[in-house]
Amino acid sequence: MANIKLQPPRGTRDLIGEEFRRHHHVIETARRIAALYGFEEWATPIFEDTRVFARGLGETSDVVSKEMYVFQDRGGESVTLRPENTAGVCRALVSGGLTQSLPRKVFYAGPMFRYERPQAGRYRQFHQIGAEILGAAEPLADAEVIACGHHIIRELGLDEGVVLEVNTLGDAPSRDAYRAALIAHFSANRDKLSEDSQRRLEKNPLRIIDSKEAQDRALVADAPTIETFLTDAARAHWDALRRHLDGFKLPWRENPRIVRGLDYYSHTAFEFVTDRLGAQGTVMGGGRYDGLVEEMGGPPTPSVGWAAGVERLSMLLERGGLTPAAPRLVTVIPVGEAEEGAALALLQSLRAAGVAAEMGYRGNLKRRMERANKQGARAALILGEAEVSRGVAQLRDLDAGTQAEVPLAEVAARLG
Ligand code: ATP
Ligand code: MG
């Protein structure tokens, strides 16, 4: 073992120091804002029965067809590390018998796994926050879930560089008509399409719209948009969504090219995008998925939601100089061994009062002061023989450089 150089697995990262603080800040902020909108947090398993994600032969998304971590467990069951959490939430709704009291608003945060080619902003283990409104067909639900996502981005201080783009994918009849028009358009130029897109042509031509290949982009540019193929019902949903987005006072723009990576969306599709992260510019994405709960064996449960990449939001925080500061502690310093008992009592009384404090394990006064300064402590509490006998401590403010004698009973209040 001694000669082995162990590394984190490809596409995974250790979250330490600043990195962890940004990550934690994204999740805590999202959790707090989602609660303001009435979302309750759920935690579902990190692995699921593979059928939760791969639900039929028609599956064409990259996530399900190429990116999943699938394996057989020791009992021979096929399980999959979750690549996303919407399917897990829908599975939980059904298996928990929770489809009786709808709508429900669910928030989640946690790791997801996709076998991708790692690059900045794209990892094999990454983290998402997400929000779902289950059992509401009204376009107002679409607008509210988007408003919540926007609020989180704004609360993080990132709204300036991030734009909300919305689109409609219509209902099934609209999409069938649109699909036929796309097949006609692309078939005429079949050999100019990338290999991937030629494959998509029959199975899911909508995905070509979303292609990142340069050779597809030209053909996509003059492809028809869905607008003219919308049924009256689909158009009504689309109109109402845009009206409600204005009602929530959200800035948004239309982007007919948004189709989203997963197969289950209908009507609303949206993304929050930035030009500050290169190719990995989508920080949050989502849409309406009216058939998914039914595919899990539940009753018809029209739903809408989004997921956001914590790493990508975190990168934006870093670039914007928005990394949260490390917490600053108070250091308790016993001058000699004889004062250690009194110092421990003081240390614990501070912690009990909610003041973050620590005491080093060794060293004389000079060493301990040096260490307190190096660690960025905000104050030092020095206890010598004279202080202990009189029930006081020397409180040194390490920013101001001032020192004062404070009765032990008053120390916590002074530092609170
Ligand atoms: P992309 O087009 O970037 O691959 P996607 O359509 O696959 O995104 P979704 O499945 O909608 O993404 O996931 C929602 C969000 O999760 C993305 O907008 C992104 O911020 C984040 N995300 C997705 N895949 C990864 C990954 N491999 N590493 C880091 N973040 C990711
Ligand atoms: Mg992807």
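The name that an unreviewed UniProt entry assigns to the protein is Histidine--tRNA ligase, with the source organism given as Roseococcus suduntuyensis. Taken from UniProt, the Catalytic activity (unreviewed entry) comment for the protein reads in full: "tRNA(His) + L-histidine + ATP = L-histidyl-tRNA(His) + AMP + diphosphate + H(+)".

Student: Could you give an account of the site of ligand 1, with specific residues and numbers?
Tutor: In the vicinity of ligand 1, 15 residues are found, and the nearest of them are Arg114, Glu116, Arg122, Tyr123 and Arg260. With respect to ligand 1, the side chain of glutamine 128 contributes an N or O atom lying 3.0 Å from an oxygen atom. Within the contact set of ligand 1, an oxygen atom lies 3.0 Å away from a side-chain nitrogen or oxygen of arginine 312. Ranked by residues supplied to the shell around ligand 1, first place goes to strand E10 (residues 282-288) with 3 residues. Classifying every residue of the shell around ligand 1 gives 5 nonpolar, 4 polar and 6 charged.

Student: How would you sum up unusual backbone geometry? Please name residues and give values.
Tutor: For the bond running from leucine 102 to proline 103, omega is 0°, close enough to zero to count as cis. The topology assignment puts proline 103 in the loop between helix H3 (86-95) and strand E5 (104-113). Not every positive phi belongs to a glycine, and histidine 267 is a case in point at roughly 55°. Tracing the sequence through the fold places histidine 267 in strand E9 (residues 266-274).

Student: Give me the pattern of salt bridges: which residues, what numbers.
Tutor: Evaluated as defined, the whole model comprises 29 salt bridges. Of the charged contacts, one joins glutamate 18 and arginine 22 as a salt bridge, the two residues approaching to 3.4 Å between their closest N and O atoms. Within this pair, glutamate 18 and its partner arginine 22 are both found in helix H1 (residues 18-36), separated by 4 residues, close to a single helical turn. Residue classification places glutamate 18 among the partly exposed residues on the basis of a relative accessible area of 45%. Judged by its relative accessible area of 3%, arginine 22 falls in the buried class.

Student: Give a detailed account of the sheet that holds strand E2 (residues 47-49), specifying residues and quantitative values.
Tutor: Strand pairing within a sheet occurs via backbone hydrogen bonds; the two strands may be parallel or antiparallel. Read from one edge of the open sheet, 3 strands run E2-E4-E3, paired in antiparallel fashion. Of all strands in the sheet, those bounded by a partner on one side alone are E2 and strand E3 (69-72). With direction set aside, neighbouring strand axes in the sheet form an average angle of 35°. Relative to strand E4 (residues 78-81), E2 runs antiparallel, the two sharing 3 bridges. Within E4, the position partnered with glutamate 48 by the bridge is threonine 80.

Student: Requested: an account of the side chain of arginine 175, with residues and values cited.
Tutor: With respect to the element layout, arginine 175 can be found in helix H5 (residues 172-187). One buried charged residue, arginine 175, remains without a salt bridge, the closest side chain of opposite sign being aspartate 176 at 6.2 Å. Of note is the side chain of arginine 175, whose polar atom sits 3.0 Å from the backbone oxygen of leucine 169. Excluding anything up to four places from it in sequence, arginine 175 contacts Leu169, Gly170, Leu206, Tyr265, Ser266 and His267.

Student: I'd like a rundown of the sheet that holds strand E12 (residues 330-334), residues and numbers included.
Tutor: Pairing within the open sheet is mixed, and its 5 strands lie in the order E13-E12-E14-E15-E16. The sheet is open, and its two edges are formed by strand E13 (357-358) and strand E16 (402-407), each paired on a single side. As paired elements, strand E14 (residues 379-383) and strand E15 (residues 392-397) share 4 bridges and run antiparallel to each other. The residue bridging alanine 379 from the neighbouring strand is aspartate 397, located in E15. Docked against the sheet, helix H12 (residues 340-352) engages E12, E13, E14 and E15, running at close to 165° with respect to E12. Here helix H15 (residues 408-415) sits on the sheet and contacts E12, E14, E15 and E16; the angle it forms with E16, its principal contact strand, is near 130°.

Rules used throughout
- Residues numbered from 1 in each chain as written.
- Chains lettered and ligands numbered in written order.
- Predicted model: local features only at pLDDT ≥ 70, side-chain atom pairs only at ≥ 80, totals over all residues.
- Heavy atoms only, no water.
- UniProt positions renumbered as here; feature names shortened; annotations may be inferred.
- Near = heavy atom within 4 Å.
- Polar contact = N/O pair within 3.5 Å; in protein donor to acceptor, adjacent residues only side chain to side chain.
- Helix = DSSP H or I, 4+ residues; strand = E, 2+ residues; numbered from the N terminus.
- Nonpolar A, V, L, I, M, F, W, Y, C, P; charged D, E, K, R; others polar.
- Salt bridge = Lys/Arg side-chain N within 4 Å of Asp/Glu carboxyl O.
- Buried < 20%, exposed > 50% of the residue type's maximum accessible area, 1.4 Å probe, protein only.
- Pairing = 2+ DSSP bridges.
- Axes fitted to C-alpha atoms, helices over the stretch in contact; angles between N-to-C directions.
- Lys, Arg positive; Asp, Glu negative; His and termini not counted.
- Contact = heavy atoms within 4.5 Å.

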